[in-house]
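# Descriptive analysis of the structure
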2 protein chains.
Amino acid sequence: MQHYFLNEPLTSGQEIRLPKSISRHLSRVLRAKPGDRFQAVSSSQQVYLAQIKAVDDRQVTAVLQRPLDIDVELPVKVTIVSGLSKQNKPELIVQKATELGVDQVIFLPMARSIVKWDQKSVKKISRLNEVALSAAEQSHRNRVPNVQYMNRLSELTKQSFDVKLVAYEESAKEGEATELVKSLAKLTTGESIVAVFGPEGGISPEEIAMLTTQDYLPVGLGPRILRTETAPMYFLTAVSVMTELFKG
Amino acid sequence: MQHYFLNEPLTSGQEIRLPKSISRHLSRVLRAKPGDRFQAVSSSQQVYLAQIKAVDDRQVTAVLQRPLDIDVELPVKVTIVSGLSKQNKPELIVQKATELGVDQVIFLPMARSIVKWDQKSVKKISRLNEVALSAAEQSHRNRVPNVQYMNRLSELTKQSFDVKLVAYEESAKEGEATELVKSLAKLTTGESIVAVFGPEGGISPEEIAMLTTQDYLPVGLGPRILRTETAPMYFLTAVSVMTELFKG
């Protein structure tokens, strides 16, 4: 069933005129007809079962039948911070992180980033927020993750999080294999966690030093070398395993 | 450091003439010179530190200096079985599964597969084995996973595995959230585990029925709907978390 985010308060029985982009998708792409149903998500993350009432002149109207008991959000708020990486890697990071339940993705230039976004960052971030919306619809999320650009790593320290981690290959080599699960096991519902990931060339020792003085704990992600786009997927899955499957 | 698979027995002190493809990569792509070092993996999965002795006429010779204490393989042998999927999804599955430690990937047509490989399967599988080799070099694996094509799901039951799972969305809905971690927690070093994943349209009830009669246990992968290429990544990460990080 289709799943759309409406960004407004909703109530059962309400009749809604769907925004242009959703009307167009339902009428032109899916050739929806009166009587067809879909899921509509309110600004307060409540999912409703909706039924199409009329499709005319590219404007679809629908009636909200009833609230659905659907909550697929991770029990903790996860922020992924990623150094700028090449090609379509940022898109892949945002798409997969959204499927895996991320709350916020921050891209920023790091010491070993080969690419620079500078003037392009507004356009890139706009595109990445579209990727997040599309992936959130596909994976039937209750909310759309937010994607942002940050000018430098030091700005990150202005945001507060309950648990702060940085993925560091050297940590895995030093046998700190259990640090990640120990940190995740401590999390309780509603808490926030941030994890920083370097670009292709890895995170620099200076960046690690700066983060550790801000109480970021270096953690390994298993013994294999993961590509820059795979590491956040590994991390988010570990959060899901530890907070959803164990306590499920 | 570069990491190459030599597919032959190796011993310390030995001088080796590198195969054409590796010689070409070292000499032309990396412009390697005598004295440069790389990692060479023997057919018995032992990694050696190697030093280039001569680069002439596209033939690189090297000396194996000493064995390295590197073992990044998962403690259990994981087979991923995937229904045929569209576009570049099989490549992405093989690349990411290799990074995450898979032992074997099997592609096969399933009831809801939209694509068919038939005559193209030999070429496709050959290409996917190249993807596995490249990803195994990048992630510094001790072995290159094997990628195979299978004509039908029923042939799978001829292979024996210690633990047999099938990813099933309905299992997550039925609240069997803990089945996956329970199954993984039972694994001991050296055991084999297989997990079956449907194509884009999902696995059919008939396929689930056939697999469960063969003692395949349906398991959920958390509450969110994962794309066909994301589900194996989630599963392999869960195996790593349970067998490497907890027991690390």
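What you are looking at is a predicted structure, and each value in this text was computed from that prediction instead of being measured.

### Thoughts on the overall build of chain A
Each helix and strand in chain A was counted, giving 7 helices and 11 strands. The 248 residues of chain A split such that 52% are buried. Across chain A, the fraction of contacts at a sequence separation of at least 24, relative to all contacts at a separation of at least 6, is 74%. Surface accessibility of chain A: about 11300 Å² in total, with carbon and sulfur atoms responsible for 46%.

### Quick look at the packing of helix α2 (residues 89-99) of chain B against helix α3 (residues 121-138) of chain B
Residues and elements named next belong to chain B. Their axes nearest at 8 Å, the elements α2 and α3 cross at an angle of 30°. Judged by the inter-axis angle, α2 sits roughly parallel to α3. The chirality of how α2 crosses α3 is right-handed. Facing Pro90, Glu91, Val94, Gln95 and Thr98 of α2, the residues of α3 in contact are Arg127, Leu128, Val131, Ala132, Ala135 and Ala136. When its residues are assigned to classes, the contact of α2 with α3 shows 7 nonpolar, 2 polar and 2 charged.

### Re the relation of the copies chain B and chain A
Rotating chain B by 180° and moving it 0.0 Å along the rotation axis overlays it on chain A with an RMSD of 0.0 Å. Overall, the copies show the geometry of a two-fold rotation axis. The residues that chain B uses at the interface reappear at the interface of chain A in 100% of cases, marking a shared surface.

### Here's the deal with the nonpolar core
Ranked by size, the top nonpolar core spans 84 residues in total, and within it Phe107, Leu180 and Phe235 of chain A together with Phe107, Leu180 and Phe235 of chain B carry the most contacts. In this view, Phe235 of chain A contacts Val78, Ile80, Leu165, Leu180, Leu184, Ile193, Ala195, Phe197 and Leu221 of chain A; residues no more than four positions away in its chain are not counted.

### Regarding the pairing of strand β6 (residues 77-83) of chain B
All names here are of chain B. Extensive coverage of β6 is indicated by the burial of 6 of its 7 residues. Looking at chain direction, β6 and strand β10 (residues 192-197) are connected through 6 bridges and run parallel. By the bridge assignment for β10, Val81 is matched with Val196. Strand direction decides the pairing type here: β6 and strand β7 (residues 104-108), joined by 5 bridges, are parallel. When the sheet's bridge partners are listed, Thr79 is paired in β7 with Gln104.

### Re the interface of chain B and chain A
Counting residues at the interface gives 37 residues for chain B and 37 residues for chain A. Carbon and sulfur atoms make up 62% of the surface buried where chain B meets chain A, a total of about 3400 Å² over both sides. It is Arg224, Arg227 and Leu245 of chain B that lose the most area in chain B upon contact with chain A, and together they represent 23% of the buried surface on that side. Inspection of the region where chain B meets chain A yields 6 salt bridges.

### Some words on the sheet that holds strand β2 (residues 15-17) of chain A
All names here are of chain A. With mixed pairing, the 5 strands of this open sheet are ordered in space as β1-β3-β4-β5-β2. What marks the edges here is a single partner per strand, and that holds for β1 (3-5) and β2. Ignoring strand direction, the axes of neighbouring strands in this sheet form an average angle of 40°. In terms of strand pairing, β2 meets strand β5 (residues 59-68) through 3 bridges, oriented antiparallel. When the bridges of β5 are listed, Glu15 appears paired with Val63.

### Quick look at the pattern of salt bridges
All names here are of chain A. A complete count under the given rule lists 24 salt bridges over all chains for this structure. The salt bridge partner of Lys89 is Glu229, with a shortest N-O separation of 3.4 Å. With Lys89 in helix α2 (residues 89-99) and Glu229 in the loop between β11 (217-219) and α7 (230-245), this pair connects stretches of sequence that are 140 residues apart. Like Glu229, Lys89 is buried.

### Concerning the packing of aromatic side chains
Residues and elements named next belong to chain A. The full count for this structure, using the stated rule, is 9 aromatic pairs over all chains. Measuring from centroid to centroid gives 5.9 Å for Trp117 and Tyr149, while their planes differ by 20°, and the two rings are stacked. Residue Trp117 is found in the loop between β7 (104-108) and α3 (121-138), and its partner Tyr149 is found in strand β8 (residues 146-149); the two are separated by 32 residues along the sequence. Ring centres of Phe197 and Phe235 lie 5.9 Å apart, and the angle between their planes is 65°; on these two criteria the pair is classed as edge-to-face.

### Details of helix α6 (residues 205-213) of chain A
Residue and element names in this part refer to chain A. Every buried residue belonging to α6 is among Glu207, Ile208 and Leu211, and all of these are buried. Buried residues in α6, looked at end-on, bunch into an arc of 100°, giving them a common side. Turned more than 90 degrees away from the buried face of α6, the exposed residues are Glu206 and Thr213. Where the residues of α6 are buried, they touch β9 (163-167) and β10 (192-197). Of the residues flanking the end of α6, it is Asp215, one or two places downstream, whose phi is positive at about 70°.

### With respect to the sheet that holds β7 of chain B
All names here are of chain B. In space, the 6 strands of this open sheet follow the order β8-β7-β6-β10-β9-β11, with parallel pairing throughout. What marks the edges here is a single partner per strand, and that holds for β8 (146-149) and β11 (217-219). Within this sheet the neighbouring strands show an average axis-to-axis angle of 25°, counted without direction. Examined bridge by bridge, strand β9 (residues 163-167) and β11 share 3 bridges and lie parallel to one another. Considered in β11, the bridge of Leu165 is made with Leu217. Its contacts with the sheet put α3 on β7 and β8, and the angle it makes with β8 is roughly 165°. Strands in contact with helix α7 (residues 230-245) are β6, β9 and β10; relative to β6, the strand with the most contacts, it is inclined by about 165°.

### A word on the domain arrangement of chain A
A common way to express how large an interface is: the accessible area buried when the components associate. Residues and elements named next belong to chain A. In terms of domain boundaries, chain A breaks down into domain 1 (3-68) and domain 2 (77-245). The distance between the C-alpha centroids of domain 1 and domain 2 comes to 33 Å. Contacts between domain 1 and domain 2 engage 7 residues on the former and 8 residues on the latter. Between the two partners, domain 1 and domain 2, sit 0 salt bridges. Between the two partners, domain 1 and domain 2, sit 2 residue pairs in polar contact (both at pLDDT 80 or more). The set of elements that each furnish at least two residues to the side of domain 1 that touches domain 2 consists of β1 and β3 (37-41). Of the residues forming the side of domain 1 that touches domain 2, the biggest block, 3 residues, is contributed by β1. When grouped by side-chain class, the residues that make up the side of domain 1 that touches domain 2 number 4 nonpolar, 3 polar and no charged.

Quick notes on the rules
- Residues numbered from 1 in each chain as written.
- Chains lettered and ligands numbered in written order.
- Predicted model: local features only at pLDDT ≥ 70, side-chain atom pairs only at ≥ 80, totals over all residues.
- Heavy atoms only, no water.
- Helix = DSSP H or I, 4+ residues; strand = E, 2+ residues; numbered from the N terminus.
- Buried < 20%, exposed > 50% of the residue type's maximum accessible area, 1.4 Å probe, protein only.
- Contact = heavy atoms within 4.5 Å.
- Areas by Shrake-Rupley, 256 points an atom, 1.4 Å probe, with all protein chains shown as cover.
- Axes fitted to C-alpha atoms, helices over the stretch in contact; angles between N-to-C directions.
- Parallel < 35°, antiparallel > 145°, perpendicular 65-115°, else oblique.
- Left-handed = near helix turned anticlockwise from the far one by under 90°.
- Nonpolar A, V, L, I, M, F, W, Y, C, P; charged D, E, K, R; others polar.
- Least-squares fit on C-alpha atoms with pLDDT ≥ 70 in both.
- Core = buried A, V, L, I, M, F, W, Y, C linked by side-chain atoms within 4.5 Å.
- Pairing = 2+ DSSP bridges.
- Buried area = accessible area lost by both parts, 1.4 Å probe.
- Salt bridge = Lys/Arg side-chain N within 4 Å of Asp/Glu carboxyl O.
- Phe/Tyr/Trp six-rings, centres within 6.5 Å; stacked < 30°, edge-to-face > 60°.
- Arc of directions from axis to C-beta.
- Domains from an automatic or database assignment.
- Polar contact = N/O pair within 3.5 Å; in protein donor to acceptor, adjacent residues only side chain to side chain.

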